[in-house]
Amino acid sequence: MKPAEIQAVQAHLRKLLGSPNLMIRAAQTRNGPVEVLAGAETIGTVDRDAEDGEVAYHVTITVLAEDLPLN
């Protein structure tokens, strides 16, 4: 993803989720994942999908069972 796309998706997610601490970090390698962070913790990824002239961004958030306060 290009830097302008990352900034636009980040701004939209911050507004949508009400979380100013949400950050999207560019891929560290050419084909690496674009990461979604909450503070310093990586919580997911963003993928860009360009098909039939339309562009969409897919956000995947992972929640580990070990992080949940289960009774």
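Quantities reported herein were computed from a predicted structural model and do not represent experimental measurements.

What counts, and where the lines are drawn
Residues numbered from 1 in each chain as written. Predicted model: local features only at pLDDT ≥ 70, side-chain atom pairs only at ≥ 80, totals over all residues. Heavy atoms only, no water. Helix = DSSP H or I, 4+ residues; strand = E, 2+ residues; numbered from the N terminus. Buried < 20%, exposed > 50% of the residue type's maximum accessible area, 1.4 Å probe, protein only. Contact = heavy atoms within 4.5 Å. Pairing = 2+ DSSP bridges. Axes fitted to C-alpha atoms, helices over the stretch in contact; angles between N-to-C directions.

### Focus: the side chain of Q10
Logical step 1: Along the polypeptide, Q10 turns up in helix α1 (residues 3–17).
Logical step 2: With relative accessibility at 8%, the residue Q10 sits in the buried group.
Logical step 3: Dropping the residues within four chain positions of it, Q10 is found in contact with L22, M23 and I24.

### Remarks on the sheet that holds strand β3 (residues 41–51)
Neighbouring strands of a sheet are bound in pairs by backbone hydrogen bonds; such pairs are parallel or else antiparallel.
Logical step 1: Pairing is antiparallel in the open sheet, where four strands are placed in the order β1-β2-β3-β4. On the outer flanks of this sheet lie β1 (22–25) and β4 (54–61), each paired with one strand and no other. For this sheet the average axis-to-axis angle between neighbouring strands, irrespective of direction, equals 25°.
Logical step 2: Note that strand β2 (residues 34–38) and β3 share five bridges and pair antiparallel. Bridge pairing in β3 links V36 to G44.
Logical step 3: In this fold α1 packs onto β1, β2, β3 and β4, with an angle of close to 160° to the strand it touches most, β1.

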